[in-house]
Amino acid sequence: KAPEEHHATWAGNREQFYDFYETAAKYLKKRFPHLKIGGPALASRVWWTDEFVEEMAKRNVPIDFYSWHMYTSDINKMLNRNNEIHEILIKYGYTETELVLDEWNYVESWNHQPRSFRKLIGATGAAFCGAFMIALQPTANSVAAYFEADVIKEWCGICT
């Protein structure tokens, strides 16, 4: 693609994504039935989760795990999102689908990154991480992948 057409994530429309996911998931599940098939690493827009899961249910497409991510300083916001997604999965019959929080970390505001990052690498970030991991325990979530623990980057939280 030309640079002006570059997209950081999916560049097609929703219907194209649904077709793509259906084709990939059904093929991979048939060829490798032991693999867990899922996605789509959603960052926001819960309405899209509802639409996607409903469409996959209509097409009888497997969703072994549903992945999403969030950066915030509000634990309740993260827990509410987790519960919303779980309720949507249940509504369409995906009762065994695992919830995977594939990226999360403390961020107060993307508009004030230096302030957020200073807190992230200190006591505030540590307290947030510990409190969130405790709060997540009784939920339906299976995985919570903290982002990130790379000491080379300017921010991370775990190793600085």
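None of these values were measured; they are calculated from a predicted model.

Each value, and the rule that gives it
Residues numbered from 1 in each chain as written. Predicted model: local features only at pLDDT ≥ 70, side-chain atom pairs only at ≥ 80, totals over all residues. Heavy atoms only, no water. Helix = DSSP H or I, 4+ residues; strand = E, 2+ residues; numbered from the N terminus. Expected span 1.5 Å × (residues − 1). Buried < 20%, exposed > 50% of the residue type's maximum accessible area, 1.4 Å probe, protein only. Arc of directions from axis to C-beta. Contact = heavy atoms within 4.5 Å. Polar contact = N/O pair within 3.5 Å; in protein donor to acceptor, adjacent residues only side chain to side chain. Pairing = 2+ DSSP bridges. Right-handed = clockwise from strand over helix to strand, strands pointing away.

What follows is about helix H5 (residues 123–136). With 14 residues, H5 should cover 20 Å at 1.5 Å per step; its first-to-last C-alpha distance of 20 Å lies within 8% of that length. Regarding H5, the residues found buried are Gly125, Phe128, Cys129, Phe132 and Leu136. An end-on view of H5 places all buried positions within 95° of arc, on one side of the element. Exposed positions of H5 whose direction lies more than 90 degrees from the buried face are Ala123, Ala126 and Ile134. Of the surrounding secondary structure, the elements contacted by the buried residues of H5 are strand E2 (65–72), helix H3 (75–91), strand E3 (98–106), helix H4 (113–120) and strand E4 (141–146).

The next point concerns H3. In an α-helix, one turn spans 3.6 residues; hence positions three or four apart end up facing the same way. For H3, which comprises 17 residues, the first-to-last C-alpha distance of 24 Å matches the rise-based estimate of 24 Å (1.5 Å per residue) to within 8%. All of the buried residues along H3 are Met78, Leu79, Arg81, Asn82, Ile85, Ile88 and Leu89. Those residues of H3 hidden inside the fold are in contact with helix H2 (46–58), E2, E3, H5 and E4. For H3, the N-terminal capping position is held by Asp74, with its side-chain oxygen 3.0 Å away from the main-chain nitrogen of Asn76.

What follows is about the pairing of E3. Sheet topology note: the E2/E3 ladder contains eight bridges and is parallel. The partner of Thr72 across the bridge, within E3, is Tyr106. Taken together, E2, H3 and E3 form a β-α-β motif whose crossover is right-handed. Sheet topology places E3 next to E4; four bridges connect them, and they run parallel. Note on E4: the bridge partner recorded for Trp104 is Tyr146.

With that settled, consider the side chain of Asn141. Residue position: Asn141 is located in strand E4. Of the polar contacts made by the side chain of Asn141, one reaches the backbone nitrogen of Val143; its length is 3.3 Å. Not counting residues within four places of it along the chain, the set of residues in contact with Asn141 comprises Asn82, Leu99, Val100, Leu101 and Leu136.

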